[in-house]
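# Structural overview for review
Now for the letters of each chain:
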Amino acid sequence: MKFPYSMLRDYVETTLSAEEVGDLLTMAGFELEGIEELDGDSVLDIKVMSNRGDGLSVFGLAREVLAKDPKASAKKAYADAESRFASYDLGNDAPNTSIQILVPECFRYACVILEGVGNAVTPEWLRHRLVQSGMRPISLLVDVTNYVMLELGQPLHAFDFDKLSGHRIVVRSAVAGEKLTTLDGKDHVLEPGHMMICDSEKPVAVAGVMGGQDSEVSSTTTRVLLESAHFKNTSVRKTRKQLGLNTEASYRFERSVDPEGVVAAIIRCVQLVLSAAPSLVVSQVLDVYPGRREPSVVQLRPSRASRMLGMAITSEQTERYLSRLGFQLSKTGDDTFDVVSPSWRPDIVREIDLVEELGRVHGFELIPETLIQGTSKMGGPQLFELWTDLHREAALRCGLNQIISHSLRDQHLLDLPGAARVGPRVPASPDTAFLRNSLLPCLSDAARRNNHKEIQIFEMGKVFSAVTPGYRENYRFGVLLCGPVTPTYWSRGKADEATFFTLKGFIEEILGAVGVSVILETTQPLDTRLHPTRQAALTSNGVILGVIGQIHPDVASGCGLSPDTLLAEYDLEDAYASRSGSLNLESVSKHPAVQRDISVLVSSRVPYTKISQAVANGAGAVLEKQWLFDVFTGQGIAEGMLALGISMQLRKPDSTFTDEEANLVRDQVVKELAELGANMR
């Protein structure tokens with residue numbers, strides 16, 4: 001915002017030069033972008049933050065100077081603006097118009113009727129200041145409204161009253177198909193949602209942005225309706241962007257203006273117009289204020305402010321600084337104030353906001369330089385993030401390749417069955433209409449594009465499902481295998497193809513590396529994406545983490561994948577919650593191991609997980625490892641039964657196993673297996 005330094009001096013008596021005022025405002029949060037000399041006066045160009053609409057006026061910046069410069073004092077112009085020109089009375093005649101507000105985005109609308117403006121010209125001093133501020137003088141009413149906007153930050157607009165149908169104002173949303181030619185001569189087709197200022201028949205202005213050409217004040221105008229209003233900032237911004245407009249008024253409305261300054265701006269405007277046209281007849285102000293809001297109260301503790309800022313600020317300084325900024329304080333305790341935010345500061349909602357106000361007025365440059373104290377935590381990822389990094393590294397060590405895919409996609413045969421989908425309200429295309437609820441569709445698409453007959457890939461990422469209310473995010477891990485998992489060597493012949501047990505081994509290896517013990521159980525109900533007899537649920541500590549299995553042939557055909565494709569997916573957050581909290585470290589034994597083999601006859605309905613657990617329970621701590629070396633069915637084996645050959649490697653840490661001791665361990669394992677219905681062969 002550009003303004004001449006002399007204009008600021010109308011409000012504040014200060015010994016600071018223009019350059020010093022620029023530095024002061026910069027330290028207060030209003031950056032000085034430049035100073036130029038124009039017609040013997042310094043013109044300051046101040047950058048105002050998007051949440052500080054009060055800084056887009058000379059009056060607002062004068063308030064900042066008074067707060068930071070202890071030697072500065074307010075002049076009469078400042079006192080009049082601060083009192084909202086309460087001592088000035090307008091005309092006695094009621095305005096011959098009415099105001100109807102039909103949208104909640106218009107919080108306040110006020111107007112007066114001016115008669116007898118005639119051909120009065122703008123005073124030379126006012127024209128000169130507008131030129132210094134980068135504005136083009138046009139006519140008395142336009143120039144005065146621009147000047148008041150520069151002074152007080154409140155945009156105003158003048159309508160030719162006789163061009164308003166029905167002599168009334170209606171603030172409403174546009175009707176589809178309505179048109180408006182704005183003051184810049186451009187035609188606009190309006191849409192519902194555009195907030196418009198209308199007469200009884202048609203739109204006459206874009207609310208908070210620009211007036212219409214049909215109601216423009218001209219040299220033949222005899223009666224003027226002077227408008228001052230307060231609109232919702234987001235509504236003004238939306239309409240302006242959609243219509244491709246950009247004005248000084250919209251710039252201020254988008255950053256929020258003072259709702260309590262609406263009528264004050266009208267009074268100040270009338271003052272200036274009367275100085276150039278004394279015969280002007282002015283009506284009373286018609287003010288409609290449906291959006292009045294109670295001021296917010298925030299509790300402030302000066303001692304906490306001092307700790308937060310790292311410099312001492314007393315209660316007396318707190319009261320002085322905030323009072324000069326327009327806040328109302330009442331002491332409620334030895335170290336507590338109830339602070340009422342002024343109407344022009346909607347950005348003050350928490351105690352920390354007030355702490356920032358104290359810091360910038362007291363001076364951030366006064367914060368003392370001290371060495372850092374206390375302890376610092378170890379850098380890098382921690383807790384779940386560290387665990388997922390280790391999980392990823394374990395998957396890479398298994399020879400899997402990581403992919404990263406987009407969360408938005410279309411529906412897919414491998415979507416999680418029965419899960420409600422969520423997605424953007426207005427999808428960019430049908431291919432991005434939903435957020436994924438499973439990682440398997442992404443893995444499937446990647447495999448189909450990259451030689452799906454020989455691929456080993458995994459992905460870690462978020463999936464989304466609908467819940468009441470809203471949606472839920474889960475961090476999951478998915479794997480897809482197909483084809484050989486080891487290279488082909490001349491000495492070994494053809495490489496081994498990936499099977500269900502290959503994938504099972506990968507999952508156990510990956511989860512085991514991050515402290516999660518997992519077992520496979522029958523899926524209830526069956527996952528329709530997987531082969532009905534080649535799938536299992538991954539469980540840990542009784543919690544179902546996910547599913548593992550071979551793709552269903554029909555699904556494989558629909559996805560363009562091999563029917564031998566293997567899939568697994570589980571929830572990483574549930575896995576993290578079920579991890580072991582400690583590491584089991586054992587010293588390496590100096591004594592040799594012994595091996596014992598057993599052959600048992602067991603029902604094929606008994607999961608091998610239970611058999612393996614029974615072996616571990618029976619052998620106890622001396623069991624170093626176990627493996628299944630033979631599965632036999634056929635002649636001599638009853639239908640529904642399996643002959644299993646299991647090998648156990650036993651070792652003691654402090655002595656050598658004797659044959660008798662090893663046989664006792666074997667016999668104990670046999671007893672455990674007998675409880676599962678297994679018999680020795």
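Residues numbered from 1 in each chain as written. Predicted model: local features only at pLDDT ≥ 70, side-chain atom pairs only at ≥ 80, totals over all residues. Heavy atoms only, no water.

### Thoughts on the packing of aromatic side chains
The tally for this structure, following the rule as stated, stands at 12 aromatic pairs. Relative to Phe59, the ring of Tyr11 has its centre 6.2 Å away and its plane inclined at 40°; by these criteria the two rings are tilted. With Tyr11 in the loop between α1 (5-9) and β2 (12-13) and Phe59 in helix α3 (residues 58-68), this residue pair connects regions lying 48 residues apart in the sequence. Overall, Tyr11 belongs to the buried group, its relative accessible area being 2%. Look at Phe458 and Phe477: their rings are 5.4 Å apart centre to centre, the planes differ by 35°, and that puts the pair in the tilted class. Separated by 19 residues along the polypeptide, Phe458 in strand β24 (residues 455-466) and Phe477 in strand β25 (residues 471-482) bring together distant segments of the chain. These aromatic residues form a ring-pair network of at least three members: Phe384, Trp387, Tyr475 and Tyr576. Seen from the ring of Phe657, Lys652 lies directly overhead, with NZ or CZ sitting 5.4 Å from the centre. (Phe/Tyr/Trp six-rings, centres within 6.5 Å; stacked < 30°, edge-to-face > 60°. Helix = DSSP H or I, 4+ residues; strand = E, 2+ residues; numbered from the N terminus. Buried < 20%, exposed > 50% of the residue type's maximum accessible area, 1.4 Å probe, protein only. Lys NZ or Arg CZ within 6 Å of the ring centre and 35° of its normal.)

### As for the pattern of salt bridges
Using the criterion set out here, one finds 37 salt bridges in the structure. Asp571 is the partner of Arg476 in a salt bridge, and the nearest nitrogen-oxygen pair spans 3.7 Å. Taken together, the residues Arg476 in strand β25 and Asp571 in strand β29 (residues 566-571) connect sequence positions 95 residues apart. Under the relative-accessibility criterion, Arg476 is labelled buried at 15%. Owing to a relative accessible area of 4%, Asp571 belongs among the buried residues under this scheme. A single salt-bridge network, built from bridges that share partners, covers Arg52, Asp54, Glu64, Arg345, Asp347, Glu357 and Arg360. (Salt bridge = Lys/Arg side-chain N within 4 Å of Asp/Glu carboxyl O.)

### A short note on the sheet that holds β29
Consider a sheet: its strands pair through backbone hydrogen bonds, and that pairing is either parallel or antiparallel. Strand order in this open sheet of seven strands is β21-β24-β25-β29-β28-β27-β26, and the pairing throughout is mixed. Of all strands in the sheet, those with a lone pairing partner are β21 (401-402) and β26 (519-521), marking the two edges. When β25 meets β29, the two strands line up antiparallel, connected through six bridges. Looking at β29, one finds that Val479 is bridged to Ala568. Helix α13 (residues 383-397) contacts β21, β24, β25 and β29 of the sheet and is inclined by roughly 150° relative to β24. Packed onto the sheet, helix α14 (residues 440-449) meets β24, β25 and β29 and runs at close to 145° relative to β24. (Pairing = 2+ DSSP bridges. Contact = heavy atoms within 4.5 Å. Axes fitted to C-alpha atoms, helices over the stretch in contact; angles between N-to-C directions.)

### Describing the confidence of the model for the protein chain
Mean pLDDT over the protein chain stands at 92; residues scoring 70 or higher make up 99%. Confidence scores differ between elements of the protein chain, with β26 showing the lowest mean pLDDT of 89 and β29 the highest of 97. (pLDDT = per-residue confidence, 0-100.)

### Things to note about helix α19 (residues 659-674)
Three- or four-residue spacings in an α-helix give side chains the same orientation, since the helix completes a turn every 3.6 residues. The terminal C-alpha atoms of α19 lie 22 Å apart, and with 16 residues this matches the ideal 22 Å at 1.5 Å per residue to within 8%. Residues Ala662, Val665, Val669 and Leu673 constitute the buried set of α19. End-on, the buried residues of α19 take up no more than an arc of 85°, which puts them together on one face. Structural note: α19 exposes Glu660, Leu664 and Lys671 on the side pointing more than 90 degrees away from its buried face. (Expected span 1.5 Å × (residues − 1). Arc of directions from axis to C-beta.)

### Some remarks on the pairing of strand β8 (residues 156-160)
Here β8 lies mainly inside the structure; five of its five residues are buried. With burial as the criterion, each face of β8 is covered, one bearing Leu156, Ala158 and Asp160 and the other bearing His157 and Phe159. Bridging between β8 and strand β15 (residues 223-231) involves five bridges; their strand directions are antiparallel. When the bridges of β15 are listed, Ala158 appears paired with Leu226.

### Re helix α2 (residues 18-27)
What α2 keeps buried is the set Ala18, Val21, Gly22, Leu24 and Leu25. Angularly, the buried residues of α2 cover 160° about the axis, an arc narrow enough to put them on a single face. Elements that come into contact with the buried residues of α2 comprise α1, β3 (31-38), β4 (41-47) and α3. Phi turns positive one or two residues past the end of α2, at Gly29, with a value near 105°.

### A word on a nonpolar patch on the surface
The grouping of Met27, Phe364 and Ile367 at the surface amounts to a nonpolar patch, some 230 Å² of accessible area in total. Structurally, Met27 is set in helix α2. (Patch = residues over 30% accessible without salt bridge, like charges linked within 9 Å, V, L, I, M, F, W, Y side chains within 5 Å. Areas by Shrake-Rupley, 256 points an atom, 1.4 Å probe, with all protein chains shown as cover.)

### Considerations on the pairing of strand β32 (residues 641-650)
Each regular strand displays side chains that alternate between the two surfaces of the sheet. β32 sits mainly inside the fold: eight of its 10 residues count as buried. Here strand β30 (residues 594-603) pairs with β32 via 10 bridges, running antiparallel. When the sheet's bridge partners are listed, Val600 is paired in β32 with Leu644. Across eight bridges, the pairing between strand β31 (residues 623-632) and β32 is antiparallel. Bridge pairing in β32 places Lys625 opposite Gln649.

### A closer look at the environment of Gln317
Assignment of secondary structure puts Gln317 in helix α11 (residues 315-324). The exposure class of Gln317 is buried, given its relative accessible area of 19%. As for Gln317 and Ala81, which are separated by 236 residues in sequence, their C-alpha atoms are 25 Å apart. When residues no more than four places from it in sequence are discounted, the contact partners of Gln317 are Ala312 and His362.

### So, the nonpolar core
Core analysis: the biggest nonpolar cluster contains 60 residues, and Tyr11 and Leu114 have the highest contact counts within it. Per element, the largest residue contribution to this core is 10 residues, and it comes from helix α9 (residues 262-276). Here Leu114 is in contact with Leu141, Thr222, Arg223, Val224, Val270, Leu280, Val281 and Val282, once residues within four sequence places are set aside. Core analysis: the second largest hydrophobic core is formed by 34 residues, Ile169, Ala205, Leu245 and Val257 among them. (Core = buried A, V, L, I, M, F, W, Y, C linked by side-chain atoms within 4.5 Å.)

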